[in-house]
Amino acid sequence: QLQLVESGGGLVQPGGSLRLSCAASGSFLYYYAIGWFRQAPGKEREGVSCISSSTGGSTNYADSVKGRLTISRDNAKNTMYLQMNSLKPEDTAVYFCAADLWSSCDRWYDRDEYDYWGQGTQVTVSS
């Protein structure tokens, strides 16, 4: 069974950067597309980004983060990443990674598409 653990969250000032990591165990990340979701207080969990399985040839981003966030994967390390630049207070949320077996991220925005979820890591953007 696949397990996912997020890390790298924390407190950052507006305009700053963070890199979130999602480490996989129990299976190989190669087999899975990985989506990033976030949930702000009082709001629904929303899709942020997705990278397709195997070589990660396809990526998807929410309009609100395009140009600021970059998703990538390192199959050798069994880890995927979300590089976040030019952060805004609106980016404050708990960020989750999730796995979708043999996916091209065609439904990357759909929470029900994913079978495995991490526990989340808090990102706070504030002065």
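Check the entry above for the structure.
J.: What is the right way to look at the overall build of the protein in this model?
T.: For the protein, the count of helices and strands is zero helices and 11 strands. Starting at the N terminus and ending at the C terminus, the protein contains elements arranged as β-β-β-β-β-β-β-β-β-β-β. Scaling as 2.2 N^0.38, a compact globule of 127 residues should have a C-alpha radius of gyration of about 14 Å, and the protein matches this with 13 Å. For the protein, the spread of C-alpha atoms along the principal axes amounts to about 40 × 25 × 25 Å. Expressed as a percentage of the 127 residues in the protein, the buried residues total 46%. Long-range contacts, defined as pairs at least 24 residues apart, comprise 61% of the intrachain contacts of the protein with a sequence gap of at least 6.

J.: Where do I start with the nonpolar core in this structure?
T.: Where a protein is soluble and globular, its nonpolar side chains tend to be buried together. In terms of nonpolar packing, the biggest core is built from 35 residues, with Ile34, Trp36, Met80, Leu82, Met84 and Tyr95 touching the most fellow members. Apart from residues lying up to four places away in sequence, tyrosine 95 is in contact with Glu6, Leu20, Trp36, Phe37, Arg38, Val48, Leu82, Met84, Gly120, Thr121 and Val123.

J.: Which parts of the structure should I look at to understand the state of the cysteines?
T.: Should the sulfur atoms of two cysteines be covalently bonded, the bond is a disulfide. Tallying each qualifying case throughout the model produces two disulfides. A sulfur-sulfur separation of 2.0 Å characterises the disulfide bridge that pairs cysteine 22 with cysteine 97. Taking the torsion about the S-S bond as the criterion, the cysteine 22 to cysteine 97 disulfide, at about 70°, is right-handed. In this pair, cysteine 22 sits in strand S3 (residues 18-25) while cysteine 97 sits in strand S9 (residues 93-101), placing the two residues 75 residues apart along the sequence. Once the bonded cysteines of the protein are numbered in order along the sequence, the disulfide links fall as 1-3, 2-4.

J.: Sorry, what's going on with unusual backbone geometry here?
T.: Trans is the common state for peptide bonds, and a negative phi is the common state for residues other than glycine. Here the phi dihedral of tryptophan 102 falls at roughly 45°; this positive angle occurs in a residue that is not glycine. Structurally, tryptophan 102 can be placed in the loop between S9 and strand S10 (116-117). A positive phi angle is found at cysteine 105, which is not glycine, with a value near 65°. Mapped onto the secondary structure, cysteine 105 falls in the loop between S9 and S10. Residue cysteine 105 is classed as buried on the basis of its relative accessible area of 2%.

J.: Hey, could you run me through the packing of aromatic side chains in this one?
T.: Given two aromatic rings, one states the distance between the centres and the angle between the planes to describe the pair. Taken as a whole and assessed by the stated rule, the structure comprises eight aromatic pairs. Where tyrosine 31 meets tryptophan 102, the ring centres are 5.5 Å apart and the plane angle is 70°; that geometry is what we call edge-to-face. With a gap of 71 residues between them, tyrosine 31 in the loop between S3 and strand S4 (32-39) and tryptophan 102 in the loop between S9 and S10 connect regions that are remote in the sequence. What makes tyrosine 31 partly exposed here is its relative accessible area of 34%. Taking 5.3 Å as the distance between ring centres and 85° as the angle between the ring planes, the aromatic pair formed by phenylalanine 37 and tyrosine 114 counts as edge-to-face. Of this pair, phenylalanine 37 sits in strand S4 while tyrosine 114 sits in the loop between S9 and S10, and the two are 77 residues apart along the sequence. Note on accessibility: phenylalanine 37 and tyrosine 114 belong to one class, buried. Of the aromatic side chains, those joined through ring pairs into one cluster are Tyr30, Tyr31 and Trp102. Lying across the ring of phenylalanine 96, arginine 45 places its NZ or CZ 3.7 Å from the centre.

Scoring rules and cut-offs
Residues numbered from 1 in each chain as written. Predicted model: local features only at pLDDT ≥ 70, side-chain atom pairs only at ≥ 80, totals over all residues. Heavy atoms only, no water. Helix = DSSP H or I, 4+ residues; strand = E, 2+ residues; numbered from the N terminus. Rg over C-alpha atoms; globule rule 2.2 N^0.38 Å. Buried < 20%, exposed > 50% of the residue type's maximum accessible area, 1.4 Å probe, protein only. Contact = heavy atoms within 4.5 Å. Core = buried A, V, L, I, M, F, W, Y, C linked by side-chain atoms within 4.5 Å. Disulfide = S-S within 2.5 Å. Phe/Tyr/Trp six-rings, centres within 6.5 Å; stacked < 30°, edge-to-face > 60°. Lys NZ or Arg CZ within 6 Å of the ring centre and 35° of its normal.

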